[in-house]
Amino acid sequence: MRSPPRFMKPLDKELIRSLAASHQVLITVEEGSIGGFGDHVLHSMALEGLLDTGKVRVRPLVIPDRFIDQASQTEQIDEAGLAPHHIESTALRLLGRHAEILETYNAKEVN
């Protein structure tokens, strides 16, 4: 498989089509706000009809549209919901594996 996209434009539509055909879930993660890469991917997928069958679930994860207090980068990423455990929880929820989300949360609390 080719490497993940590193730039918004030009959008690698061939890669997106391939991922949509071979995965149940696609999650885009960016340290930007609404209207960025994830929205660009969703727009492209919608225009090509890749969302019509409901086979693939897509979630763009972005910095929320609210103020985040000054803190370390790690703390800000966690506050924004973009930490690894947030991404994992999103993936598990989309896959219908809700019980594992609690396990992930409990493991984070212990560490």
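Heads up: the structure comes first, above all this text.
None of the values given here were measured: they were computed from a predicted structure.

### A few points about the overall build of the protein chain
Move 1: The helix and strand tally for the protein chain stands at five helices and two strands.
Move 2: In the protein chain, the succession of helices and strands from N to C terminus is α-β-α-β-α-α-α.
Move 3: Considering only contacts within the protein chain whose residues lie at least 6 apart along the sequence, 57% involve residues at least 24 apart.

### Digging into the nonpolar core
Move 1: Leu11, Leu15, Ile16, Leu19, Ala20, Leu26, Phe37, Val41, Met45, Val56 and Val58 form the largest nonpolar core, which has eleven residues in total.
Move 2: For this core, the secondary structure elements donating two or more residues are α1 (13-22) and α2 (37-47).
Move 3: Here this core gets four residues from one element, more than from any other, and that element is α1.
Move 4: Beyond its immediate stretch of four places on either side in the chain, Leu11 contacts Ile16, Phe37, His40, Val41 and Ser44.

### Focus: α2
Move 1: Looking at α2, one finds that the buried residues are Phe37, Gly38, Val41, Ser44 and Met45. Buried positions in α2, seen along its axis, are confined to an arc of 130° and lie on one side of it. In α2, the exposed residues that point more than 90 degrees away from the buried face are His43 and Leu47.
Move 2: Residues of α2 that are buried sit in contact with α1, β1 (25-29) and β2 (57-61).
Move 3: Positive backbone phi, approximately 75°, marks Gly49, located one or two places after α2.

Criteria and cut-off values
For every chain, the first residue of its written sequence is number 1, and the numbers climb from 1 along that sequence. Totals for whole chains, interfaces and linings use all residues, but because this is a predicted model, local features are given only for residues with pLDDT of at least 70 and pairs of side-chain atoms are given and counted only at 80 or more. Working from all heavy atoms in the structure, the side-chain values ignore hydrogens and water. To qualify as a helix, a DSSP run of H or I must reach at least 4 residues; to qualify as a strand, a run of E must reach at least 2; elements of each kind are numbered from the N terminus. We call two residues contacting when some pair of their heavy atoms lies within 4.5 Å. Nine residue types can take part in a nonpolar core, namely buried Ala, Val, Leu, Ile, Met, Phe, Trp, Tyr and Cys, and a core is a set of them joined through side-chain atoms within 4.5 Å. Between buried and exposed lies partly exposed: a residue is buried under 20% and exposed over 50% of the maximum accessible area for its type, with that area taken using a 1.4 Å probe on protein chains only. What the arc measures is the spread of directions leading from the helix axis to the C-beta atoms.

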